[in-house]
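The chain contents come next:
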Amino acid sequence: MPRLPKILIWIALLVGPAAAEAQSVSAGLSAREAYVGQAVMLQIQVANARTHEVPDLPKVDGLEIKQYGAPQRTFSFISGQGQSTSVLYRYQVTPRREGSFRIPPISVEVHGTTQRTSEFELIVSNSETGDLLFVEVDRVAERAYVGQPIQ
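Everything quoted here is computed from the prediction, not taken from an experiment.

The mixed open sheet is built from three strands, whose spatial order is β2-β10-β7. Two strands bound the open sheet, and with one partner strand each, they are β2 (33-35) and β7 (99-103). Taken over all neighbouring pairs, the strand axes of this sheet differ in orientation by 30° on average, direction set aside. As paired elements, β2 and strand β10 (residues 120-125) share three bridges and run parallel to each other.

As structure tokens, this is what we get:
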């Protein structure tokens, strides 16, 4: 058998299972409750899609939603079972007032079809202490080295 067809067979064996994997879009919030001005993370993962558009984020009155860093791409090679890929988009959601906010389903165009995430509710309240922090430090040991636990 010539070398070229063997290479094509190996490529088909490696890529074939990945093509059979279902494309999916999922999302999640890092917290369901927050304080005014306290950011939470919204993550959107697009899995096993050769082509997709950037998620279409809705505008929500009272929430500031900004992209956080570049999309993260991961590739997993599973012995004998092909590969899986995913792209993770991260967004910082900062509430500007208190209340209950509904983030509607987020649309992502995957292989020419629109997939949607579930909707999310974010409950925001005012902090009673604001951004104040009180710390009291009391040392027992005369000397300590870096990494040493002290009381």
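Model confidence for the protein is summarised by a mean pLDDT of 81, while 77% of its residues fall at 70 or above. Summarising per-element confidence for the protein, the mean pLDDT is lowest in helix α1 (residues 3-20) (44) and highest in β7 (96). This stretch, residues 1-20, has a pLDDT under 50; its non-local contacts, to residues over four places away or in other chains, come to 11 contacts.

What follows covers the nonpolar core. One finds L29, L42, I44, V46, L63 and L122 to be the most contacted residues of the largest nonpolar core, which totals 22 residues. Broken down by secondary-structure element, the contributors of at least two residues to this core are β1 (24-29), β3 (40-47), β6 (82-95), β7, β8 (107-110) and β10. Setting aside chain neighbours within four positions, we find I44 in contact with V25, S26, A27, P55, L57, V87, L88, Y89, Y91, I106 and V108.

This part is about the environment of L29. With respect to the element layout, L29 can be found in strand β1. Along the chain, L29 and I44 lie 15 residues apart, while their C-alpha atoms are 9.1 Å from each other. Look past the residues within four positions of L29 in its chain and what remains in contact with it is V40, M41, L42, I103, F120, E121 and L122.

Calculation criteria
Residues numbered from 1 in each chain as written. Predicted model: local features only at pLDDT ≥ 70, side-chain atom pairs only at ≥ 80, totals over all residues. Heavy atoms only, no water. Pairing = 2+ DSSP bridges. Helix = DSSP H or I, 4+ residues; strand = E, 2+ residues; numbered from the N terminus. Axes fitted to C-alpha atoms, helices over the stretch in contact; angles between N-to-C directions. pLDDT = per-residue confidence, 0-100. Contact = heavy atoms within 4.5 Å. Core = buried A, V, L, I, M, F, W, Y, C linked by side-chain atoms within 4.5 Å. Buried < 20%, exposed > 50% of the residue type's maximum accessible area, 1.4 Å probe, protein only.

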